[in-house]
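# Structural characterization, general
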Amino acid sequence: MADIATRVWNHRWKIDPIVRSLIDTDFYKLLMCQSVFRNKRDTHVTFSLINRTKSVPLADLIDEGELREQLDHVRSLSLTRGESTWLRGNTFSGKRQMVRPDFMEWFETLRLPPYHLERKGDQYELTFEGAWPEVMLWEIPALAILMELRGRAILDRMKRFELEILYARAMTKLWEKIERLRPLENLRIADFGTRRRHSFLWQDWCVQAMVEGLGPRFTGTSNCLIAMRRDLEAVGTNAHELPMVYSALAEDDAALARAPSDVLADWHEEHDGNLRIILPDTYGTRGFLDRAPDWLAGWTGIRIDSGDPATGAETAIDWWRSRGEDPSTKLIIFSDGLDVEKIEELHRQFSGRVRVSFGWGTLLTNDFRGLVPDDALAPFSLVCKAVAADGKPTVKLSDNPEKAMGPEAEVARYKRVFGVGEQERMEVVV
């Protein structure tokens, strides 16, 4: 097991680049990339970094030259033979050769496209433009790089023994959480923490701690590289990116209203079983479910990723019942802003009524809150989103208006088309 404090203290760039591989990314990104490659490969998309936490001055904390070095390093990466073999031959969600040969032939020759970086005040403007299957793979490494460089800026101020104590306290903090989770019967929980992790080494340590502390109740990790190295299940389904881009491409309001279902129709052709998970909140959960085609009720489950999670789960249960489905056979994955207290609460409330699972993100892989002065290592809300497709702006409404994004006029149009009324504002928990 890596001595993380020593690695930080004796840091050498060549030993510990922030992103080590093209598969140091979330599994759902590769699944979505394959779907985009087969269905929308010629769509031109722009991704942009968005720091929701303006109080964190990234451009003041992170040296631009160092940031460019890390981004350039990612552009030098390509699949290794071992990584290609793992993707081509492994079993994912019980299915062999889920990653198709035509996609793999393309992926094996891929180098990520150029980026645009510019300082704007105390923040960075970082954008990626190009063919959708290529630029979408920048999202996770870009976020991981910014998060870790910000952390390194704080750690560089610390002495050797301060680092030893810091990581000892962080390890103890996580282990105490794991001990609280142990009594939960039939717990199913996975690591969803790549995008806003403290560092790759720390995420890898957290995953190993979950394996030892929870055994088979820890169901896997979203990080493909860690899954491959630790012989774990790679987990994930799809994200808001798909309906956001499909919707931006819609030619009129009628096509816009159909776009989220069109996404899932394409996904239905690609996947089955545990990958048929609905993410309904891009333009409002209740309205989406009310308009959903009947065949969608037969899917395996739903992921709750914004708004009040208990309300979202009750909405899903009522919807399944209204469509003649037995909720106790369905899977609900909670994945928004989770920490141990919320996991305990939701498990207690819904266990037995549905099949409950948790995707534990930032507060698994980056909970350094309260461990350094001024809380300087506390995680913050950083996203990298598709903001335009073929020159048209994208929109996300979410079940929490604090997470909404897009031009004001387009947001109003989407609310009208999707029948989104008043929404409760909630603090965004990373």
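Everything here concerns the structure above.
All of the points below concern the structure found in this document. Note that this is a predicted model, so its numbers are computed, not measured.

### Some thoughts on the pattern of salt bridges
- Evaluated as defined, the whole model comprises 31 salt bridges.
- Put simply, Arg197 and Asp24 hold a salt bridge, and the shortest N to O gap is 2.9 Å. Separated by 173 residues along the polypeptide, Arg197 in the loop between strand 6 (189-191) and helix 10 (200-214) and Asp24 in the loop between helix 1 (4-9) and helix 2 (27-39) bring together distant segments of the chain. Here the two residues Arg197 and Asp24 agree in accessibility, since each one is buried.
- The partner of Arg230 in a salt bridge is Asp204, and the shortest N-O contact between them spans 2.7 Å.

### Let's talk about empty space enclosed by the protein
- A full pass over the atoms with the stated rule returns five cavities of 30 Å³ or more.
- Of the pockets and cavities examined, the largest cavity occupies roughly 120 Å³.
- Every residue lining the largest cavity is counted, 13 residues in all, and those nearest its centre are Pro243, Pro260, Leu279, Thr282 and Phe288.
- Here the lining of the largest cavity is composed, by residue class, of 10 nonpolar, three polar and no charged.
- There is about 60 Å³ of room inside the second largest cavity.
- If you go around the second largest cavity, the residues you meet are Ser21, Leu22, Asp24, Thr25, Val74, Phe107, Leu112, Leu137 and Pro141.

### Side note on the pairing of strand 1 (residues 44-51)
- Across the eight residues of strand 1, six count as buried, placing the element largely inside the fold.
- Bridge count between strand 1 and strand 5 (residues 123-131): five bridges; the pairing is antiparallel. When the sheet's bridge partners are listed, Phe47 is paired in strand 5 with Phe128.

### Describing the nonpolar core
- Core analysis: the biggest nonpolar cluster contains 131 residues, and Leu87, Phe107, Ile189, Phe334 and Trp360 have the highest contact counts within it.
- In terms of nonpolar packing, the next biggest core, distinct from the first, is built from 13 residues, Leu256, Leu397, Val417 and Phe418 among them.

### Some words on the sheet that holds strand 5
- Pairing is antiparallel across the open sheet formed by five strands, whose spatial order is 4-5-1-12-13. Sheet topology places strand 4 (115-120) and strand 13 (392-393) at the edges, where each strand pairs with a single neighbour.
- Sheet analysis places strand 12 (residues 382-389) next to strand 13, joined by two bridges and oriented antiparallel. What sits directly across from Ala388, in strand 13, is Pro393.
- Each of strand 4 and strand 5 is contacted by helix 4 (residues 64-75), which is oriented at about 165° to strand 4, the strand it contacts most.

### Here we look at the sheet that holds strand 8 (residues 277-278)
- Strand order in the open sheet formed by six strands is 7-6-11-10-9-8, and the pairing between neighbours is parallel. Of all the strands in the sheet, just strand 7 (218-221) and strand 8 have a single pairing partner and so form its edges.
- Two strands pair when backbone bridges link them, and strand 6 and strand 11 (residues 355-360) are joined in this way by three bridges, in the parallel orientation. Counterpart to Ile189 in the pairing with strand 11 is Phe358.

### Section: the environment of Ile332
- As for its position among the elements, Ile332 is in strand 10 (residues 331-334).
- The buried category is assigned to Ile332, whose relative accessible area is 0%.
- Counting along the chain gives 25 residues from Ile332 to Ser357, while the straight-line C-alpha distance between them is 6.2 Å.
- Those residues in contact with Ile332, other than ones at most four positions away along the chain, are Ile302, Ile304, Ala313, Ala316, Ile317, Trp320, Val354, Arg355, Val356 and Ser357.

### Regarding the packing of helix 2 against helix 12 (residues 241-248)
- Helix 12 packs onto helix 2 with a crossing angle of 25° between their chain directions and a minimal axis gap of 11 Å. In this view, helix 2 runs roughly parallel relative to helix 12, as classed from their interaxial angle. Along its contact with helix 2, which presents Lys29, Met32, Val36 and Asn39, the element helix 12 presents Glu241, Leu242 and Tyr246.
- In terms of residue class, the contact of helix 2 with helix 12 is made up of four nonpolar, one polar and two charged.

About the criteria used
Residues numbered from 1 in each chain as written. Predicted model: local features only at pLDDT ≥ 70, side-chain atom pairs only at ≥ 80, totals over all residues. Heavy atoms only, no water. Salt bridge = Lys/Arg side-chain N within 4 Å of Asp/Glu carboxyl O. Helix = DSSP H or I, 4+ residues; strand = E, 2+ residues; numbered from the N terminus. Buried < 20%, exposed > 50% of the residue type's maximum accessible area, 1.4 Å probe, protein only. 1 Å grid on protein atoms, 1.4 Å probe; cavity = no way out; pocket = protein on both sides within 12 Å on 5 of 7 lines; lining within 4 Å. Points joined across faces, edges and corners; volume = space filled by probe spheres on them. Nonpolar A, V, L, I, M, F, W, Y, C, P; charged D, E, K, R; others polar. Pairing = 2+ DSSP bridges. Core = buried A, V, L, I, M, F, W, Y, C linked by side-chain atoms within 4.5 Å. Contact = heavy atoms within 4.5 Å. Axes fitted to C-alpha atoms, helices over the stretch in contact; angles between N-to-C directions. Parallel < 35°, antiparallel > 145°, perpendicular 65-115°, else oblique.

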